[in-house]
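Reading the structure
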Amino acid sequence: MDWRQGDQEIHQKLKTPTILYWNRKWVNSSAIGLLIFFSFSCATYYQVNSEFNQDFESGSIEAAKKILDQNKKQARKKAQFLYFANQGVVNTMLGNYEKSNEWLEKAYLFGEDYQKNYANIAASFLVNPTTITYQGEDHEQLLLLYYKALNYLKLNDYSAALVECRRLNLRLNELSDKYKGDKKYKRDAFVNNLMGIIYEASGDVNNAFIAYRNALTIYQDDYQELFGLEVPLQLKHDLLRTAYLNGFDTELDFYERQFDLRYNPKSANSEELVFFWHNGLGPVKDEWSVNFTAMDGGDGFVTFVNDEYDFSFPYQISSSDEKSQLTDLRFFRVAFPKYQDRGAYFNRAVLEAGNQRYNLQLGEDVNAIAHKTLDERMIQEFGKGLLRAATKKAVEAAIRGSQSDSDEKQSKEEQQEEAIREGLSFLMGVVNAATEKADTRNWQTIPHSIYYSRVPMSVGVNQVSLKTIGPRGSTAVTDFTFEVSRNETVFHMYHSLETER
């Protein structure tokens, strides 16, 4: 006897149609195939770009740039903001400042011109958030202009750097308008500090004083509480100096008493180096998932509950049928983004020049700001994730439809139709589970933290050493040579890529 015939007889005795048997075999095979297919799409953005990340993190910047140049398709995909931004960083590190600014400007204009694609937004509720074009986090948008300003400073183009200052100011105003209320990242102290540094270098000491004063206020009112970051000592000295240069005697006296410092005009130097040290690498986005139970919340609501994290989110439904579908399904798995820290290997650094040492001071904790910006919108992320899960599950329920209480009362055709519905609903469940994915895209070549310091220079050639200090006092030394003209402020940025992981 043919084995297929035997199977058919067995299933006939069980009053299960042959097509149902074969349908289930097809469903099982399809489910396995779908799981295998979608397993390749579950990688995070960091993992997808592992080759580039390995080269960049190891300091092989030329190789990292080559990978970007060869992967031009990324410039046309939904993460093109990150492609442009990464091109900007690698070109800055290679000294291609003009080319870097071209890429950074593309990223900036992309963020400015970003238009919501409502078809993609709708698709995100049936698939996942990666169907939406990535436009950059708030702090990433600011860092674009920070890099542009540094590039112009390296090119000795102060007027262009000041343009970036004005754009930074506009971005900061937008951020302040976007987030109302206290205890939010809506003002950036380091950006204001940078604006002061650029204004002063260009000779505009009045606007420099205003920018320094704004930076001081934000460090004191926001940064100390949000990030545990104190006012840099360098900023205090810069504020005292510009108050003196502007002839603001009242303000000078006020800040001298506040800082417990005395300004000595003889300490001013006409030639200076402003050194920015980028330490480590910022966090990468990963994902975590939470299981929710759908419960009847009454009055037209279903409540999604997770006891482990003490989460409770009401979800308004449009009909009793929809409520029944959601509460019958009970369990929902929802994926959310989270940051995975890479940690900076070096914990501090000093600059040595002319037998003097100058401590580099923490001006911006990029890592902490990244966490804060994500935390501030997690309620929104939860809402979107639950809506996405509910939409997917409702589609499953709609495909499955109503079922008869007894297979024996059904005709063979009805059993076949129900088997098909069950199979499609099961496959939809497999697809829904496999495509449930958080958006793990973020700018992963930015530093963990930014330090800075001023160093007095002499006219002519100057030798400066950067000494970075790591665990148990381990050190690394990098030497630099700067040629300085009379009354010139020179700028430099150096990125230590070493991380703890």
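Residues numbered from 1 in each chain as written. Predicted model: local features only at pLDDT ≥ 70, side-chain atom pairs only at ≥ 80, totals over all residues. Heavy atoms only, no water.

1. Some remarks on helix 10 (residues 158-178)
Helix length check: helix 10 (21 residues) gives 30 Å between terminal C-alpha atoms against 30 Å at 1.5 Å per residue, within 8%. Turning to helix 10, its buried residues number three or more, namely Tyr 158, Ala 160, Ala 161, Leu 162, Glu 164, Cys 165, Arg 167, Leu 168, Arg 171, Leu 172 and Leu 175. (Helix = DSSP H or I, 4+ residues; strand = E, 2+ residues; numbered from the N terminus. Expected span 1.5 Å × (residues − 1). Buried < 20%, exposed > 50% of the residue type's maximum accessible area, 1.4 Å probe, protein only.)

2. Describing the confidence of the model for the protein
Here the protein shows a mean pLDDT of 81. Residues at 70 or above account for 73%. Low pLDDT (under 50) marks residues 1-40, which in the prediction has 35 contacts with non-local residues, meaning those over four places away or in another chain. (pLDDT = per-residue confidence, 0-100. Contact = heavy atoms within 4.5 Å.)

3. Considering unusual backbone geometry
Both trends apply: most residues other than glycine have a negative phi, and most peptide bonds are in trans. Within the chain, Asn 355 stands out as a residue other than glycine whose phi angle is a positive 65 degrees. Looking at the element boundaries, Asn 355 is found in the loop between strand 6 (348-353) and strand 7 (356-359). With a phi angle near 55 degrees, Arg 472 is a residue other than glycine that sits in the positive phi range. Owing to a relative accessible area of 83%, Arg 472 belongs among the exposed residues under this scheme.

4. Remarks on the environment of Glu 272
You can see Glu 272 is positioned in strand 1 (residues 272-279). Sequence separation between Glu 272 and Pro 456 is 184 residues, and the spatial gap between their C-alpha atoms is 4.6 Å. Other than its neighbours up to four places away in sequence, Glu 272 contacts Arg 454, Val 455, Met 457, Glu 488, Thr 489 and Val 490.

5. Brief notes about the side chain of Asn 151
Assignment of secondary structure puts Asn 151 in helix 9 (residues 138-154). Of the polar contacts made by the side chain of Asn 151, one reaches the side chain of Thr 92; its length is 3.0 Å. In this structure the side chain of Asn 151 is engaged in a polar contact, spanning 2.8 Å, whose partner is the side chain of Asn 101. Those residues in contact with Asn 151 that sit more than four places away from it in its chain are Thr 92, Tyr 97, Ser 100, Asn 101 and Leu 104. (Polar contact = N/O pair within 3.5 Å; in protein donor to acceptor, adjacent residues only side chain to side chain.)

6. Some details on the pairing of strand 11 (residues 475-484)
Strand direction decides the pairing type here: strand 10 (residues 460-469) and strand 11, joined by ten bridges, are antiparallel. Across the sheet, Ser 465 pairs through a bridge with Asp 479, a residue of strand 11. Following strand 10, the chain reverses through five residues before pairing antiparallel with strand 11; Arg 472 in that reversal takes a positive phi of roughly 55 degrees. (Pairing = 2+ DSSP bridges.)

7. So, the environment of Leu 374
With respect to the helices and strands, the residue Leu 374 is situated in helix 16 (residues 366-376). For the pair formed by Leu 374 and Asp 138, sequence separation is 236 residues and the distance between their alpha carbons is 9.8 Å. Residues in contact with Leu 374, not counting those within four places in the same chain, are Pro 337, Lys 338 and Tyr 339.

8. Points about the sheet that holds strand 10
In a beta sheet, neighbouring strands pair by backbone hydrogen bonds and run either parallel or antiparallel. Ordered by their spatial adjacency, four strands build an open sheet running 7-6-10-11, and the pairing between neighbours is antiparallel. Because the sheet does not close on itself, it has two edges, and the strands there are strand 7 and strand 11. Put simply, the sheet's adjacent strands are angled 25 degrees from each other on average, direction ignored. (Axes fitted to C-alpha atoms, helices over the stretch in contact; angles between N-to-C directions.)

9. Describing helix 5 (residues 61-70)
Among all positions in helix 5, only Ile 61, Ala 64, Lys 65, Ile 67 and Leu 68 are buried. Looking straight down helix 5, one finds that the buried residues subtend no more than 155 degrees of arc, so they occupy a single side. Across from the buried face of helix 5, at angles greater than 90 degrees, the exposed residues are Glu 62, Lys 66 and Gln 70. Buried residues in helix 5 make contact with helix 4 (50-57) and helix 6 (80-93). (Arc of directions from axis to C-beta.)

10. Focus: the nonpolar core
In this structure, Phe 56, Tyr 146, Tyr 219, Tyr 223, Phe 276 and Trp 443 are the most contacted members of the largest nonpolar core, which totals 83 residues. Setting aside residues up to four positions removed in sequence, Trp 443 forms contacts with Leu 82, Ala 85, Asn 86, Val 89, Tyr 134, Glu 140, Leu 143, Leu 144 and Tyr 147. Core analysis: the second largest hydrophobic core is formed by 18 residues, Leu 273, Phe 275, Phe 346 and Leu 360 among them. (Core = buried A, V, L, I, M, F, W, Y, C linked by side-chain atoms within 4.5 Å.)

11. So, the pattern of salt bridges
Enumeration over the complete set of coordinates arrives at 22 salt bridges. Two residues, Asp 69 and Lys 65, come together in a salt bridge whose shortest N-O distance is 2.8 Å. One end of the pair, Asp 69, and the other, Lys 65, are both in helix 5, four residues apart, so they sit about a helical turn from each other. Residue Asp 69 is classed as partly exposed on the basis of its relative accessible area, which comes to 27%. Between Arg 262 and Glu 256 there is a salt bridge, with its nearest N and O atoms 3.1 Å apart. A relative accessible area of 70% places Arg 262 in the exposed class. Under the relative-accessibility criterion, Glu 256 is labelled buried at 9%. Here the salt bridges do not stand alone but share partners, grouping Glu 200, Asp 238, Arg 241, Glu 272 and Arg 454 into one network. (Salt bridge = Lys/Arg side-chain N within 4 Å of Asp/Glu carboxyl O.)

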